[in-house]
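If you want the building blocks of each chain, they are given just below.
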Amino acid sequence: MSFKILKNNCCGLDIHKTWIYACIGITDSFKRTEYKEARFSSFSKGLQELCDWLSKYNCTDVCMESTGKYWIPVFNVLEKNNIWVTLSHPKYTKPQKGNKTDRKDAK
């Protein structure tokens, strides 16, 4: 997959009722992007682990995809930890070609 890089260090989240799939893209000065992927629980402990994981990679920009109300607690926790959050609805994001997976959605 090839994407236009707008942020050198950012994270995509695919949010579900009981878990969150996260993918951080870190782009170096040579335009090489390395991806770090992880899965977290959507409950309090998992949300704190997500914040710790984001801070480990100095990631302060997050875009999350959610169709229901499951994004609300994630947004609240991330915002309290000084993370800039953008919420996108899957209907309006560019669909991925091929088989749709949560990994592709987060990436």
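Residues numbered from 1 in each chain as written. Predicted model: local features only at pLDDT ≥ 70, side-chain atom pairs only at ≥ 80, totals over all residues. Heavy atoms only, no water.

## Describing the overall build of the protein
The cut-off we apply is this: In this description a helix means any DSSP run of H or I spanning at least four residues, a strand means any run of E spanning at least two, and both kinds are numbered starting from the N terminus. Summary of the burial criterion: residues with accessible area below 20% of their type's maximum are buried, those above 50% are exposed, and those between are partly exposed, where the area comes from a 1.4 Å probe applied to protein chains only. Contact criterion: two residues are considered in contact whenever any of their non-hydrogen atoms come within 4.5 Å of each other. Values of accessible area rely on a 1.4 Å probe in the Shrake-Rupley scheme; residue burial ignores everything except the protein chains shown.
What the protein contains, in helices and strands, is 3 helices and 5 strands. Counting across all 107 residues of the protein, residues that qualify as buried make up 34%. Partitioning the intrachain contacts of the protein with sequence separation of at least 6 by distance along the chain shows that 48% fall at a separation of at least 24. Surface exposure of the protein reaches about 7400 Å², of which carbon and sulfur atoms provide 52%.

## Quick notes on the packing of helix α1 (residues 44-56) against helix α2 (residues 71-80)
Note the following rule: Helix axes are fitted only over the stretch in contact, all axes being lines through C-alpha atoms; the angle between N-to-C directions runs from 0 to 180 degrees. Roughly parallel here means an angle under 35 degrees, roughly antiparallel means over 145, roughly perpendicular means 65 to 115, and every remaining angle is called oblique. Should the near helix be turned anticlockwise from the far one by less than a right angle, the crossing is termed left-handed; should it be turned clockwise, right-handed. Residue polarity follows a fixed list, in which Ala, Val, Leu, Ile, Met, Phe, Trp, Tyr, Cys and Pro are nonpolar, Asp, Glu, Lys and Arg are charged, and the others, Gly among them, are polar.
Viewed as axis vectors pointing N to C, α1 and α2 meet at an angle of 45°, and their least axial separation amounts to 10 Å. By the criterion of interaxial angle, the relationship of α1 to α2 is oblique. Between α1 and α2 lies a crossing whose hand is right-handed. When α1 is examined against α2, the residues Leu47, Leu50, Cys51 and Leu54 are found in contact with a partner set consisting of Pro73, Val74, Val77 and Leu78. Per-class residue counts for the contact of α1 with α2 are 8 nonpolar, no polar and no charged.

Take it as geometry only, folks, not as evidence of what the structure does.
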